[in-house]
Amino acid sequence: MDDVIIIGGSFAGLAAALQLGRARRKVTVLDTGLPRNRFAGRSHGLLGHDHKPPLDILTEARRQLARYPAIKLVNARADSVSGGIDDFSVLTGDGESLEARRLILSYGITDQMPDVPGFAEGWGTSIVPCPYCDGFEVAGQHWGLVWSGPQSQNQVRLFHDWTDRLTVFADGHDIPPDIRADLDRRNTSIVDGRIAEIAHHGDHNATVSLNTGPDVAVDILFAHPRNKPSASLHESLGLATNNTPLGIVLKVDERRETSMAGVYAAGDLTNPLIPSVTTASWQGAMAGIFAQQSMLT
């Protein structure tokens, strides 16, 4: 029996494994090799790895974890989970049954692409969600923001730390007059109408075509499509969730423990509003540490 099975081997899962391996706890990491940020050419904001391709960072992380004999990395999907604290069972897609005293869920989320030609093709390059990840490289340039709801007003305020040239695409949303007045006060233009297509030019530049009015060219386009957990294992365990403006996330306490004793969670699965490798990494490390401490006798 393992001490911990980690389901999801991107930044959060590997950070958890590192802490557990260094504590000499036996851990198995199950991963399918499809991290959320695989579409991004560079990862930013992670100390010591700034501006490196995210897949390269993960490759190096796995190489470093190989020096810990208690860590086992397995390229497999977790099909089902059952049991309870000190007696969890995980069935993999290869038909293997694994057992562990604790679980860490770090299988992330999947972004649900809108049915707009060019959106999926530009995701991670000319269309991005996070200014902390990509804002510096295009600071001072013309940004676009696809309005997704009331939370977008705060994003406008946030974006002005990077640029004073911002266009909001209402994309069919009814933006209230008071918010329109606030955006006008911030010299932020609003383009009404629905987005019909997005064309891409190079790494960042995009041209937004609308069902009414002329095309609008921007140097980068920010958007926040709804997302969903990449797997449904939390549902079979009956874990409590929170409904955010962007989608469902797992509810965790200050120790990264879910509503079920012995099950911990980290990364975008618990926090999709600020998708950051830095956030995922520290959350994963904390989940690993607290899972280890919960097994002390």
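Refer to the structure above for everything that follows.
What comes next concerns the included structure. Small disclaimer: the values here were computed from a predicted structure and weren't measured. (Residues numbered from 1 in each chain as written. Predicted model: local features only at pLDDT ≥ 70, side-chain atom pairs only at ≥ 80, totals over all residues. Heavy atoms only, no water.)

**A word on the nonpolar core**
- Judged by nonpolar contacts, the single largest core of 25 residues is most densely connected at Val4, Ile6, Phe11, Val27 and Ile104.
- For this core, the secondary-structure elements that each account for two or more residues are strand S1 (2-7), helix H1 (11-22), strand S2 (27-31), helix H2 (54-65) and helix H8 (277-294).
- It is H1 that contributes the most residues to this core, six residues altogether.
- Setting aside residues no more than four positions away along its own chain, Ile104 makes contact with Val4, Ile5, Ile6, Ile7, Ala16, Leu20, Tyr264, Ala287, Gly288 and Ala291.
- Ranked by size, the runner-up nonpolar core spans 20 residues in total, among them Val81, Tyr107, Leu237 and Leu239. (Core = buried A, V, L, I, M, F, W, Y, C linked by side-chain atoms within 4.5 Å. Buried < 20%, exposed > 50% of the residue type's maximum accessible area, 1.4 Å probe, protein only. Helix = DSSP H or I, 4+ residues; strand = E, 2+ residues; numbered from the N terminus. Contact = heavy atoms within 4.5 Å.)

**Points about the sheet that holds strand S15 (residues 220-222)**
- Ordered by their spatial adjacency, five strands build an open sheet running S8-S15-S9-S10-S11, and the pairing between neighbours is parallel. Either end of the sheet is taken by a strand with one partner, and the two such strands are strand S8 (127-128) and strand S11 (189-191).
- Two elements, strand S9 (residues 143-146) and S15, share three bridges in a ladder whose sense is parallel. In the strand pairing of S15, Trp143 is matched with Ile220. (Pairing = 2+ DSSP bridges.)

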